Each structure stands twice: as structure tokens, then as C-alpha cells.
Amino acid sequence: MFNPDHLRTLQAVVEEGTVLAAADRLRLTPSAVSQQLSRLQREAGQPVMVRQGRNLVPTDAADVLVRLAERVVDLDERARAELETLQEEVSGPLVVAAFATALRGLVAPAVTRLGERHPHLEITLREHSPEESIPALLRGEVDLVVVHDWTDRHASPRRGLQAHLLGLDPVDLVTLRDEPLELGPDGVDLDDLGGRVWIDDTPGVFSDWLLEAFAQRSLPHRIGATVDSTNARVTLVAEGFGICLLPRLGREVLPDEVVATPLVEAPTRRIHAVHREASARRPAVEAAVAALDAVWQEREELPNSPARDDG
């Protein structure tokens with residue numbers, strides 16, 4: 001039988017592209033990774049990695065063994081899930097990752113609820129962007145992630161993962177309370193905001209949306225600041241520097257002089273809880289998804305999706 005650790009090491013080298021990066025991911029020394037590859041090569045009876053110039057390239061044998069590694073990990077997790085269902089209480093380790101505002105506005109209250117209902121559950125939290133969360137989930141470093149995509153830019157589902165749509169997170173216009181605005185039945189129209197100074201997010205979907213909307217409308221504007229921090233953007237608005245867009249999820253209480261107003265046809269995030277298909281029957285994962293969903297339902301400012309089917 002092939003050594004499962006050696007298979008996982010090969011998988012890491014193939015996915016990361018270098019021995020050094022694989023060693024960092026596996027928390028091993030590069031020498032240990034190289035030794036495991038050599039042992040696996042002897043077990044396979046043929047090369048698994050060959051050098052092309054300065055790069056190591058996987059062979060056809062490596063492709064076969066990486067697929068085997070994926071099946072081994074999948075079978076291991078399914079077996080653990082079956083064993084956990086035999087226990088009377090929801091218990092054991094659960095690693096959850098989420099982006100910052102989801103961690104604050106959704107995961108934190110859900111974890112409190114989980115701890116009260118399942119005191120033997122050992123929860124570890126990590127702050128990851130969606131771009132970091134999915135690879136970490138696929139590598140088995142985390143068990144459940146909260147991620148977002150956008151209603152007009154759906155992320156393609158990844159093989160081996162299962163997503164639960166929690167709901168929608170609209171983006172609002174944030175201004176000084178006494179800012180002169182023309183408020184219609186659906187909020188403020190971007191067409192009525194010409195000539196303003198904007199505090200933009202770092203490049204991303206709703207920053208792209210804003211800049212594209214300006215271009216499509218030939219709307220006069222100035223980007224006065226590009227700031228990633230939500231708190232910093234709110235502070236700049238409160239100081240009268242400009243106006244900005246902010247999603248609702250995890251938004252902290254705004255200062256008295258600042259107000260959030262709906263924006264007509266604003267960009268909207270879809271928020272998902274995602275786990276590996278192999279862990280679908282884990283009681284800890286099921287309980288965590290249920291807690292996240294319950295917290296979402298209690299947030300009146302966060303609408304449900306028109307279609308709550310998992311996807």
C-alpha cells in the first residue's frame with residue numbers, strides 16, 4: 001500500500017508548484033518533503049516528478065497518485081463523519097474561516113450559539129478572504145468557510161465542495177446625515193450623485209461596479225481616497241471628506257452624523273457557507289451551518305435570497 005502521508009506530500013508539491021511551498025503548507029522541512037517524494041517514487045517504481053529547467057514537473061504517474069490521494073482523503077473524511085454520527089453529542093474539532101465582516105456580523109454570534117448548545121465542540125476561527133478560504137478548505141486545513149460572490153458575477157462551484165446560500169448582502173450609500181440627496185422609492189439613484197468625492201474600496205467587484213457605472217453614465221466624480229478598511233472609510237465620511245459604498249453584513253454602528261441609504265440597483269453579495277462534500281454528514285458541520293442560517297434569519301437588514309436552494 002502507498003503511504004498516505006507520502007501521497008499527500010506529492011499532492012501538495014503538485015498543487016503548490018515547488019518543494020519549498022509544499023513544505024511551508026505541510027509545516028515540514030524541504031528536506032523532509034524531498035525524502036517523502038523519493039520514497040513514494042520507490043513505491044511507485046517510476047518517477048513522479050521530473051526536472052525541466054529549474055522547475056519540477058509532475059509525471060503521468062504523479063497524476064495517478066494525486067487522484068489516489070484525493071480519494072484517500074475523501075474516504076478518511078467520510079469515515080470520520082460516519083463515526084461522529086454514532087456519538088450522542090455534537091463534539092470534536094471544527095475549524096471555521098470567514099472574511100472580516102462575516103466573522104464579526106455572522107460567525108461570532110453563530111459560534112456563541114453553538115457553544116451554548118454543544119459545549120463539547122472545539123471551535124477554531126480564522127480570518128480569511130474568500131480567495132484564501134476555498135483553497136484552505138480544499139486542502140483540509142479548515143472544515144467550513146463563509147465566502148461571498150456577487151449576484152451578477154457568480155463564482156463557479158468547485159468540485160468536491162457543497163455550498164449553502166445564506167442570503168444577500170446589499171451595498172448601501174454612506175454619507176453625512178445632512179448630505180443633500182434625492183431619495184426615491186428605491187433609494188438614491190447614482191445619476192443624482194454627480195460631482196461628489198468618493199472614498200472607494202481597493203479593486204474588487206463593487207469598486208469595479210462603481211467605476212463602470214461612472215463611465216457608463218459619463219458622471220462627473222473624483223476618487224478622493226482608496227481605502228480597504230471599513231472603519232477608515234466611515235471615519236473619512238464622518239469628517240466630510242467624501243461618500244462611499246458599504247455592504248451591510250458586519251457593518252458597525254455608524255456615527256450619529258453618518259447615515260446609510262439604499263442605492264438603486266446597487267451591487268449585492270451572495271453569502272455562502274461552504275464545506276467539503278465528504279463532511280456533509282458531520283454533526284459539527286451540520287450544526288454550524290444551521291447556526292449560521294439561524295443568525296442570518298434574525299438579521300432584518302439582510303434579505304434572504306429569492307431562491308434559497310443550495311448551490
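An account of the accompanying structure is given in this report. Predicted, not measured: the structure shown is a model, and the values here were computed from it.

This part takes up the pairing of strand β6 (residues 161-176). Within β6, 15 of the 16 residues are buried, leaving the element largely enclosed by the surrounding structure. Here β6 runs beside strand β13 (residues 268-276); their pairing, made up of 9 bridges, is antiparallel. Note on β13: the bridge partner recorded for Leu165 is His272. With 5 bridges connecting them, β6 and strand β12 (residues 258-262) associate as antiparallel partners. The residue of β12 that forms the bridge with Asp172 is Pro262.

This part covers unusual backbone geometry. A positive phi angle, close to 50°, is found at Ser218, a residue other than glycine. In this fold, Ser218 is placed in the loop between α7 (205-217) and β10 (222-226). Its identity is not glycine, yet Glu265 carries a phi of approximately 55°, on the positive side. Of note, Glu265 is situated in the loop between β12 and β13.

Here Asp293 shows up in helix α9 (residues 283-298). For Asp293, a relative accessible area of 24% gives the class partly exposed. Taking the C-alpha atoms as reference, Asp293 lies 21 Å from Ala81; in sequence the two are 212 residues apart.

What follows is about the nonpolar core. Of all hydrophobic cores here, the largest spans 28 residues; its most connected members are Leu106, Val146, Leu249, Ile271 and Leu292. Elements represented by at least two residues in this core include exactly β3 (92-98), α5 (100-117), β5 (144-150), β13 and α9. The greatest single-element share of this core, amounting to 9 residues, is contributed by α9. If sequence neighbours within four positions are ignored, Leu249 has contacts with Phe99, Thr101, Ala102, Gly105, Leu106, Asp169, Arg269, Ile271, Trp296 and Leu302. If you look at the next biggest cluster of nonpolar residues, it comprises 17 residues, including Trp198, Phe206, Ala213 and Leu245.

Okay, the packing of helix α1 (residues 4-16) against helix α3 (residues 30-44) next. Viewed as axis vectors pointing N to C, α1 and α3 meet at an angle of 115°, and their least axial separation amounts to 9 Å. Considering their axes alone, α1 and α3 lie roughly perpendicular with respect to each other. Pair α1 / α3 crosses with left-handed handedness. Within the contact between the two elements, α1 uses Asp5, His6, Leu7, Thr9, Leu10 and Val13 and α3 uses Val33, Gln36, Leu37, Arg39, Leu40 and Glu43. Residues of the contact of α1 with α3, tallied by class, amount to 6 nonpolar, 3 polar and 3 charged.

What counts and what doesn't
Within each chain, residue numbers correspond to sequence positions counted from 1 in written order. Only residues with pLDDT of at least 70 get local features here, since the model is predicted, and only at 80 or more are side-chain atom pairs given and counted; chain-wide, interface and lining totals rely on the full set of residues. Values reported for side chains reflect all heavy atoms of the structure, with hydrogen atoms and water molecules removed beforehand. Buried means the residue's accessible area, taken with a 1.4 Å probe over protein chains only, is under 20% of the maximum for its type, while exposed means over 50%, and partly exposed covers the values in between. Only DSSP runs of H or I with at least four residues qualify as helices, and only runs of E with at least two residues qualify as strands; both kinds are numbered from the N terminus onward. When DSSP finds at least two bridges between two strands, those strands are taken to pair. Here, the term nonpolar core denotes a set of buried Ala, Val, Leu, Ile, Met, Phe, Trp, Tyr and Cys residues that are joined through side-chain atoms within 4.5 Å. By definition in these notes, contact holds between two residues if any of their heavy atoms fall within 4.5 Å. Lines fitted to C-alpha atoms define the axes, with helix axes restricted to the stretch in contact, and inter-axis angles between N-to-C directions lie between 0 and 180 degrees. Here the word oblique covers every angle except those under 35 degrees (roughly parallel), over 145 (roughly antiparallel) and from 65 to 115 (roughly perpendicular). We call a crossing left-handed when the near helix sits turned anticlockwise from the far one by less than a right angle, and right-handed when that turn is clockwise. Under the scheme applied, nonpolar residues are Ala, Val, Leu, Ile, Met, Phe, Trp, Tyr, Cys and Pro; charged residues are Asp, Glu, Lys and Arg; polar residues are all the others, including Gly.

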